Amino acid sequence: MCAFAFAIVGEICKFILLKLYFQTLTKGETMTELITIERHIIEQQKRYPSATGEFSQLLADVTFAAKLVRREVIRAGLVDILGAHGSMNVQGEEVRKLDVFANEKFIQAIGHHGRFAVMGSEENEGIITPPEGKASGKYVLLFDPLDGSSNIDANVSVGTIFSIYKRVSDPSSGPGTIQDCLQKGSQQVAAGYVIYGSSVMLVYTTGQGVHGFTLDPTIGEFLLSHENITTPKRGKIYSINEGYYRYFFDGVKKYIKYLQQEDKATHRPYSARYIGSLVADFHRNLLYGGIFIYPRTKKAPNGKLRLLYEANPLAFICEQAGGRATDGYRRILDIEPEELHQRTPLFIGSEEDVKIAEEFEQGLRELEHDTELIPKMLAEVKKAESLLVK
Ligand code: FDP
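> What is the right way to look at the sheet that holds strand β2 (residues 139–147) in this model?
Whenever strands of a sheet pair, they do so through backbone hydrogen bonds, lying parallel or antiparallel. Overall, mixed pairing links the seven strands, which are arranged β1-β2-β3-β4-β5-β6-β7 in an open sheet. Of all strands in the sheet, those with a lone pairing partner are β1 (118–121) and β7 (221–226), marking the two edges. For this sheet, the mean inter-axis angle between neighbouring strands, taken without regard to orientation, is 20°. Strand direction decides the pairing type here: strand β5 (residues 200–205) and strand β6 (residues 210–216), joined by five bridges, are antiparallel. Looking at β6, one finds that Y204 is bridged to H211. In this fold helix α5 (residues 98–111) packs onto β1, β2 and β3 (158–166), with an angle of close to 155° to the strand it touches most, β2. In the packing of helix α8 (residues 278–288) onto the sheet, contacts are made with β2, β3, β4 (190–196), β5 and β7, and the angle to β4 comes to roughly 105°.

Structure follows, in structure tokens:
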């Protein structure tokens, strides 16, 4: 009862704050319509008259958890002042690593309502079922709580990636099972990511296009800022950890060389951009166009990235934005998962770029001759000859 009263007061305060905010905006400049993520989700739900609201609630819970994580991420630089992992902070609480913290927050925020059948997290070895005594819902949530976390101490953008499926196991049999988690990516009903960067953005799809929201920290609301994101058919950026060049197979090596050749018609050479934080690299390429590759290597024959927590949700978003995502041979969303933490190579981004990369990977395409190179080499030979004559 008490919790209910608090929730009502909270909603009233939020309403008043939003009203004040809109009034302030309208005083100064012409205001474009402001759409919060909650409203957007409700509008999308209206397209399905039989929807019970459970799915919208689950998405709202994910949004709430993301706000909690963001609150902690922006304080990351204070860890040195407040205490390192394992020590006590000034409030006498143990300081946890941010990825552990993010994982806990997601499990708490979603687990609290029991609106899910089963969850899987990149940070947990096994599945997570609803708490004892809570009913289990009909949805499955898979998430990577803090992707790119090795970058966090350097203030580089990190993110949360999530995807939602309908359970396939019988609901009357109790909580969901591992089979509910091992569905093909094409079965996703929603996917999204939150990027904690210079601003915080949440990008999601329910199969009705891709929409981006930016957090306004003054009111704590995600506001629609990027409606119907579409990615260019061809870009000018390539993102790959070239430090591993010697471990790449020939196809990817040749593709990199192809991107570095000069050709006006195809806007080559491309620019290399690699943050090393998948969400951030993917987000930039989604907006500007280009390709992100984490290929199989001689050291890691299945690549590094996780199919369920990283590749599938980003592939769903990418396709919805008009892009393409494969493992170099197969469409990511068609891969039948066999285990929770399965890895996959990933080629993702602008459709035409990914198609060409696949051709190199599959050995169907060879490097064109560098038209500039041959005349340059001939000139060098002539120069050397004239030196010898002298
Ligand atoms: P991180 O290890 O920092 O969490 O899959 C995780 C990930 O980062 C991705 O975000 C990132 O794209 C990739 O690993 C970076 O791996 P490399 O250092 O091997 O390039």
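> Would you take a moment to explain the side chain of D61 for this structure?
Mapped onto the elements, D61 comes out in helix α3 (residues 54–73). Residues within four places of D61 in sequence aside, it is in contact with A109, I110, H113 and R115.

> Could you clarify how one ought to interpret the site of the ligand in this entry?
Around the ligand sit 14 residues in total, of which S150, N241, Y274, L278 and Y294 are the nearest. Contacts to the ligand include G148, whose backbone N or O atom sits 3.1 Å from an oxygen atom. Y274 has a polar side-chain atom sitting 2.5 Å from an oxygen atom of the ligand. Compared with its free state, where it exposes 460 Å², the ligand has 82% of that area covered by protein. Of the residues belonging to the shell around the ligand, the class tally is five nonpolar, six polar and three charged.

> Just to check I follow, could you spell out the packing of aromatic side chains for this structure?
Each aromatic ring pair is characterised by the separation of its centres together with the angle its planes make. This model, assessed by the stated rule, comprises nine aromatic pairs. Between Y255 and Y258, the ring centres sit 6.0 Å apart and the planes meet at 20°, which makes this aromatic pair stacked. Of this pair, Y255 and Y258 both sit in helix α7 (residues 250–260), three residues apart, which is roughly one turn of the helix. For the pair Y255 and Y258, one class covers both residues: buried. Here the aromatic residues Y255, Y258 and F360 are joined through ring pairs into a cluster of three or more. Sitting over the face of the ring of Y258, R268 holds its NZ or CZ atom 3.7 Å from the ring centroid. The side chain of K298 reaches across the aromatic face of F249, ending 5.8 Å from its centre.

> Would you take a moment to explain the packing of α7 against helix α10 (residues 351–361) for this structure?
When two helices pack together, their arrangement is given by the angle between the helix axes and by the axis-to-axis distance. Interhelical geometry of α7 versus α10 gives an angle of 135° and a closest axis separation of 7 Å. In terms of orientation, α7 and α10 fall into the oblique class. Here α7 and α10 pass one another in a crossing that is right-handed. Across the interface between the two elements, G251, V252, K254, Y255 and Y258 from α7 touch D353, I356, A357, F360 and E361 from α10. Here the residues of the contact of α7 with α10 are counted per class, giving six nonpolar, one polar and three charged.

> Which parts of the structure should I look at to understand the environment of E310?
Mapped onto the secondary structure, E310 falls in helix α9 (residues 307–320). It is 9.5 Å that separates the C-alpha atoms of E310 and T344, two residues lying 34 residues apart in sequence. Look past the residues within four positions of E310 in its chain and what remains in contact with it is E122, D144, D147, I161, L278 and L305. Separated by 2.8 Å, the side chain of E310 and the backbone nitrogen of R306 make a polar contact.

> Whenever I open this one, the pairing of β6 confuses me. Can you help?
For a regular strand, the rule is simple: side chains alternate between the two faces of the sheet. The buried count for β6 comes to six of seven residues, which makes it a mostly enclosed element. The antiparallel hairpin formed by β5 and β6 contains four residues in its connecting segment, where G207 sits at a positive phi of about 90°. Where β6 meets β7, five bridges bridge the pair, whose relative direction is antiparallel. Along β7, the bridge assignment pairs T214 with L223.

Quick notes on the rules
- Residues numbered from 1 in each chain as written.
- Predicted model: local features only at pLDDT ≥ 70, side-chain atom pairs only at ≥ 80, totals over all residues.
- Heavy atoms only, no water.
- Pairing = 2+ DSSP bridges.
- Helix = DSSP H or I, 4+ residues; strand = E, 2+ residues; numbered from the N terminus.
- Axes fitted to C-alpha atoms, helices over the stretch in contact; angles between N-to-C directions.
- Contact = heavy atoms within 4.5 Å.
- Near = heavy atom within 4 Å.
- Polar contact = N/O pair within 3.5 Å; in protein donor to acceptor, adjacent residues only side chain to side chain.
- Areas by Shrake-Rupley, 256 points an atom, 1.4 Å probe, with all protein chains shown as cover.
- Nonpolar A, V, L, I, M, F, W, Y, C, P; charged D, E, K, R; others polar.
- Phe/Tyr/Trp six-rings, centres within 6.5 Å; stacked < 30°, edge-to-face > 60°.
- Buried < 20%, exposed > 50% of the residue type's maximum accessible area, 1.4 Å probe, protein only.
- Lys NZ or Arg CZ within 6 Å of the ring centre and 35° of its normal.
- Parallel < 35°, antiparallel > 145°, perpendicular 65-115°, else oblique.
- Left-handed = near helix turned anticlockwise from the far one by under 90°.

In short, the description is geometric, and any link to function would need to be established separately.
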